Amino acid sequence: MDETSRYKVLVSDPVSEEGVNLLKEVAQVDIRPDLSPQELVEVIGEYDALLVRSGTQVTADVIKAGKKLKVIGRAGVGVDNIDVDKATEGGILVVNAPEGNTISAAEHTMALMLALARNISRASASVRENLWQRSKFLGVELYKKTLGIIGLGRIGSEVAKRARAFGMHILAYDPYISTEQVEKLGITSATPEEIFALADFITLHVPKTSSTHHMIGAAELAKMKDGVRIINCARGGLIDEKALHDAILRGKVAGAALDVFEEEPPKDNPLLKLDQVIGTPHLGASTQEAQINVAIQVAEQISHVLKGEPVHMAVNAPVLPPEVMAEVEPFIPLMDTMGSFYMQVFNGRVEKIEVTYNGEIASYPVAPLTTALLIGFLRFMLKSNVNFVNAPLLAKQRGIKVNEICSKSAASFHNFISVKVFAGQNSYTIAGTLFEGNDIRIVQIGDYRIEVVPSRYMLVSRYYDKPGTIGRVGTILGENNINIGNMQVGRQKSKGEALMVLQVDHPVTEDMLKEIDKGENIISTRFVELL
């Protein structure tokens, strides 16, 4: 039998020829972009792999009918059109191509930066109107200017490389990348406030989340250097568009170049009526090369799966080896919980993680548990899909060092897992264990011994142990119709610093947190949501 006839791949959306040719090396490839949703359900049962773009909806019905499916590939980044949960239930790996558009997005950022600096779009429009107004379009050089990069992931790092070639001085802020990693790129690590005060150009490269929504608002714009120019090729909603509009009219901001908007396509957006604003229709990944790259990358991942080789761009987690799973599976939720809990309570940069396994668990392979911990950390950092395949690689890319220590002795518990996180001169600890019935307990948070039963919504507050402090927090929650299901308190001494953890029935808003933090005895308050 011909090796390529062992497997069949269905390509249901147009992809580049380069990607298809790669697949033909390992499988029979059928290209059927004309299939209706029902026809896809009818034919998918004979295929081992499915390759789609955004045009095909890979629904639960499609996945159920795909009795032979081993992998679903998305030629692009987003997987909103794929029922990933259903695929995971069926043991089907979902892969994508998150790196395929990196260069295109970085180059588009530089293109907009140059166009903004030299008034390219306005000058071009003027010439088309048979005008010759050279003095009207006096620009500025990038050379020796300061560029502030907020978000130093794949795209931000590529922008930094190109900006250095232009002779720019680069400041970068990314709370999840170590100072050592930033310095390797030849970049100066800075706080947002330092960037606002010093940067001539600011470019954003962060995901859109509840914490990054309107991260550039009126208050941030007011702190910026007069005449700053702002570029956003990341996500709409990172910038408060009304505040930006007002800042441009006041002359605080010299101009903005936007590839993304809060509403797309933008309708009667006041920003687009300003001469100082350049707008493009979300073109960051719109190059021939990017389309080829994503097709090649996802085709490579599909090929690896069909050949039984490891993949590095999986969206969902593969099944762990049965012999390992049987021993360590009960601890995996604990590790994920501790990683997520830590990031939401302590947040900030992570440079080194030291995991100490005590008790019987130290006798088993602990690598999957450490990976589960990294998943909890990285999922919060990146706000994207992190799994057992890519978590170690993502940690390494961010300069996070991981050290495992195993000891069969455990003084207080049958099994005890301690996680110590280092960031600069600081270190913080979280520890946990399992009780009978595999019930998760967090038994140490920072310097406090405590016994927390994790719930979906929790409020964690450091405070001075004085009468009425806990009562005031409860009153604020009650006034906002937030019910407290349970509470744990840890302290080192009477009337000193203490820690309270409240299990609540509903999310606590930013406004409520601010109100709680106004209390004179409150040191800090964090809302934790475990998925």
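Residues numbered from 1 in each chain as written. Predicted model: local features only at pLDDT ≥ 70, side-chain atom pairs only at ≥ 80, totals over all residues. Heavy atoms only, no water.

### Remarks on the overall build of the protein chain
Within the protein chain, the regular secondary structure consists of 18 helices and 22 strands. Compactness check: the protein chain gives a C-alpha radius of gyration of 26 Å against a globular reference of 24 Å for 531 residues, within 12% of the reference. Over its C-alpha atoms, taken along the principal directions, the protein chain stretches across nearly 80 × 70 × 45 Å. A buried classification covers 51% of the 531 residues belonging to the protein chain. At a minimum sequence separation of 6, the contacts of the protein chain that also span at least 24 residues come to 65%. Each charge class in the protein chain can be summarised by its mean position, and for the 55 positive and 64 negative side chains these summaries are 6 Å apart. (Helix = DSSP H or I, 4+ residues; strand = E, 2+ residues; numbered from the N terminus. Rg over C-alpha atoms; globule rule 2.2 N^0.38 Å. Buried < 20%, exposed > 50% of the residue type's maximum accessible area, 1.4 Å probe, protein only. Contact = heavy atoms within 4.5 Å. Lys, Arg positive; Asp, Glu negative; His and termini not counted. Charge placed at Lys NZ, Arg CZ, Asp CG, Glu CD.)

### What about the nonpolar core?
The biggest cluster of nonpolar side chains holds 50 residues, and the ones touching the most others in it are Ile353, Phe377 and Leu378. Among the elements that take part in this core, helix H15 (residues 367-382) stands out by supplying nine residues, more than any other. When residues no more than four places from it in sequence are discounted, the contact partners of Phe377 are Gly339, Ser340, Tyr342, Met343, Val350, Ile353, Val419 and Val421. Ranked by size, the runner-up nonpolar core spans 28 residues in total, among them Ala199, Ala243, Leu244 and Leu271. (Core = buried A, V, L, I, M, F, W, Y, C linked by side-chain atoms within 4.5 Å.)

### Some points on empty space enclosed by the protein
Tallied over the full model, the rule gives one cavity of 30 Å³ or more. As a volume, the largest cavity reaches approximately 50 Å³. Lining the largest cavity are Asn232, Gly237, Ile239, Glu241, Leu244, Leu258, Val260, Glu262 and Leu271. For the lining of the largest cavity, the class distribution of residues is five nonpolar, two polar and two charged. (1 Å grid on protein atoms, 1.4 Å probe; cavity = no way out; pocket = protein on both sides within 12 Å on 5 of 7 lines; lining within 4 Å. Points joined across faces, edges and corners; volume = space filled by probe spheres on them. Nonpolar A, V, L, I, M, F, W, Y, C, P; charged D, E, K, R; others polar.)

### Digging into the pattern of salt bridges
The tally for this structure, following the rule as stated, stands at 15 salt bridges. Notably, a salt bridge pairs Lys225 with Asp200, separated by 2.8 Å at the nearest N-O pair. Remark: Asp200 occurs in the loop between helix H9 (192-198) and strand S9 (201-204) and Lys225 occurs in the loop between helix H10 (218-223) and strand S10 (228-232); sequence separation between them is 25 residues. With a relative accessible area of 17%, Asp200 lands in the buried category. When the shortest N-O distance is used, the salt bridge between Arg491 and Asp465 registers 2.5 Å. Taken together, the residues Arg491 in strand S20 (residues 484-491) and Asp465 in the loop between strand S19 (457-464) and helix H17 (469-479) connect sequence positions 26 residues apart. Classification of Arg491 as partly exposed rests on a relative accessible area of 48%. By sharing partners, the salt bridges in this structure join Glu158, Lys161 and Arg162 into a single network. (Salt bridge = Lys/Arg side-chain N within 4 Å of Asp/Glu carboxyl O.)

### Section: a nonpolar patch on the surface
Where nonpolar side chains cluster on the molecular surface, the patch consists of Ile484, Met487 and Val489 and spans about 210 Å² of accessible area. Taking the relative accessible area as the measure of exposure, Ile484 reaches 32% and is therefore partly exposed. (Patch = residues over 30% accessible without salt bridge, like charges linked within 9 Å, V, L, I, M, F, W, Y side chains within 5 Å. Areas by Shrake-Rupley, 256 points an atom, 1.4 Å probe, with all protein chains shown as cover.)

### Some words on the sheet that holds strand S14 (residues 401-407)
What the six strands build is an open sheet, ordered S14-S13-S15-S16-S17-S18; its pairing is mixed. Of all strands in the sheet, those with a lone pairing partner are S14 and strand S18 (448-452), marking the two edges. Pairwise comparison of adjacent strand axes, ignoring direction, gives a mean angle of 20° for this sheet. Strand direction decides the pairing type here: strand S17 (residues 439-445) and S18, joined by three bridges, are antiparallel. Bridge pairing links Gln444 to Arg449 in S18. The sheet strands contacting helix H14 (residues 332-345) are strand S13 (352-359), strand S15 (415-423), strand S16 (426-435) and S17, and the helix crosses S16 at an angle near 150°. Here H15 sits on the sheet in contact with S13, S14 and S15, set at roughly 135° to S13. (Pairing = 2+ DSSP bridges. Axes fitted to C-alpha atoms, helices over the stretch in contact; angles between N-to-C directions.)

### Considerations on the packing of helix H5 (residues 102-117) against helix H7 (residues 154-165)
Where H5 meets H7, the closest approach of the two axes is 9 Å, and the angle between their N-to-C directions is 50°. The angle between the axes of H5 and H7 places the two elements in the oblique class. H5 and H7 meet at a crossing whose hand is right-handed. Counting all contacts with H5, which are made through Thr102, Ile103, Ala105, Ala106, Glu107, Thr109 and Met110, the residues of H7 involved are Arg154, Ile155, Glu158, Val159, Arg162 and Ala163. Each residue belonging to the contact of H5 with H7 can be placed in one class, and the counts come to seven nonpolar, two polar and four charged. (Parallel < 35°, antiparallel > 145°, perpendicular 65-115°, else oblique. Left-handed = near helix turned anticlockwise from the far one by under 90°.)

Treat this as a map of the structure, not an account of what it does.
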